[in-house]
Amino acid sequence: MIDLMTLCAFNAAYAQAIDSDSLEEWPSFFTERCKYRITNVENEREGLPAGIVYADSRAMLQDRIAALREANIYERQRYRHLLGVPLLESADDSSAVARTPFIVARIMHTGETSVFATGEYRDLFQKLDGKLLLAERIAVCDSTVTDTLLALPL
């Protein structure tokens, strides 16, 4: 059975890939046919499917990282994730549903640090070939105001 410690370790590795600027590793946390969406609490409550960011495959996530590295122009920054303990809603040997609270601080190239986003991950995990992966991650942000500088994944 997929347990709480396994989810905690997964989330720690996920956050480390983003926070350490190993963004090319980030898509490998997802299944090939995954869903990744960043939205806000009001849109989620209203059932609005559009998000600030939307991807429905690992290939789309890889394209997003390639664009960040090669095409997009944005102010240099990095993130630091602080993750809570997942609330395990259901689990068996091959899948799990969980919610994990997060706070993401953004550190600008100037050294200025601010709380960038708070919210929760709403996840569907699948175990494939013995490896835990995200089939779906919806990052539901608490604030309805989104900084236009949402360059990195949450």
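All figures in this text were calculated on a predicted structure; none of them were measured in a lab.

Each value, and the rule that gives it
Residues numbered from 1 in each chain as written. Predicted model: local features only at pLDDT ≥ 70, side-chain atom pairs only at ≥ 80, totals over all residues. Heavy atoms only, no water. Phe/Tyr/Trp six-rings, centres within 6.5 Å; stacked < 30°, edge-to-face > 60°. Helix = DSSP H or I, 4+ residues; strand = E, 2+ residues; numbered from the N terminus. Buried < 20%, exposed > 50% of the residue type's maximum accessible area, 1.4 Å probe, protein only. Lys NZ or Arg CZ within 6 Å of the ring centre and 35° of its normal. Polar contact = N/O pair within 3.5 Å; in protein donor to acceptor, adjacent residues only side chain to side chain. Expected span 1.5 Å × (residues − 1). Contact = heavy atoms within 4.5 Å. Arc of directions from axis to C-beta. Salt bridge = Lys/Arg side-chain N within 4 Å of Asp/Glu carboxyl O.

### Here's the deal with the packing of aromatic side chains
For any pair of aromatic rings, the description consists of the separation of the ring centres together with the inter-plane angle of the planes.
Part 1: Taken as a whole and assessed by the stated rule, the structure comprises 10 aromatic pairs.
Part 2: Ring centres of F10 and F29 lie 5.4 Å apart, and the angle between their planes is 90°; on these two criteria the pair is classed as edge-to-face. Of this pair, F10 sits in helix 1 (residues 4-19) while F29 sits in the loop between helix 1 and strand 1 (30-40), and the two are 19 residues apart along the sequence.
Part 3: Taking relative accessible area as the criterion, F10 reaches 8% and is therefore assigned buried.
Part 4: Taken together, a centroid distance of 5.7 Å and an interplanar angle of 75° make the contact between Y14 and F29 edge-to-face. One end of the pair, Y14, is in helix 1; the other, F29, is in the loop between helix 1 and strand 1, and 15 residues separate them in sequence.
Part 5: Chaining the aromatic ring pairs together yields one cluster made of F10, Y14, W26, F29, F30, Y36, F102, Y121 and F125.
Part 6: Its guanidinium or amino end placed over the ring of Y14, R137 lies 4.3 Å from that ring's centre, counting from NZ or CZ.

### A short note on the environment of D142
Part 1: Considering the arrangement of structural elements, one finds D142 in the segment after strand 7 (131-141).
Part 2: Look at D142 and you get partly exposed, because its relative accessible area is 47%.
Part 3: Here the side chain of D142 touches T118 through a polar contact of 2.7 Å, side chain to side chain.
Part 4: A polar contact of 3.3 Å, which involves the side chain of D142, links it to the backbone nitrogen of G119.

### Regarding helix 1
Part 1: The terminal C-alpha atoms of helix 1, which comprises 16 residues, lie 22 Å apart, in line with the 22 Å expected from a rise of 1.5 Å per residue.
Part 2: Those residues of helix 1 lying buried are L7, F10, N11, Y14, A15, A17, I18 and D19.
Part 3: Elements that come into contact with the buried residues of helix 1 comprise strand 1, strand 3 (77-83), strand 4 (87-91), strand 5 (95-108), strand 6 (113-128) and strand 7.

### Considerations on helix 3 (residues 58-70)
Part 1: Its 13 residues place the ends of helix 3 18 Å apart at the C-alpha level, agreeing with the 18 Å of an ideal helix rising 1.5 Å per residue.
Part 2: Buried within helix 3 are the following residues: R58, L61, I65 and L68. Relative to the axis of helix 3, the buried residues are bounded by an arc of 80° and lie together on one face. Facing away from the buried side of helix 3 by more than 90 degrees, the exposed set consists of D63 and E70.
Part 3: As for helix 3, its buried residues are in contact with strand 1, strand 2 (53-55) and strand 7.

### Considering the pattern of salt bridges
Part 1: Tallying each qualifying case throughout the model produces 11 salt bridges.
Part 2: Linking E44 and R122 is a salt bridge whose minimum nitrogen-to-oxygen distance equals 3.7 Å. Note that E44 is positioned in helix 2 (residues 41-45) and R122 in strand 6, a separation of 78 residues in sequence.
Part 3: Connected through salt bridges with shared partners, the residues R37, E44, E89, R99, E120 and R122 form a single ionic network.

### As for the environment of F30
Part 1: Mapped onto the fold, F30 is located in strand 1.
Part 2: Separated by 23 residues in sequence, F30 and L7 place their C-alpha atoms 14 Å apart.
Part 3: When sequence neighbours within four positions are dropped, the list of residues in contact with F30 reads Y14, Y36, R58, L61, L133, L134 and R137.

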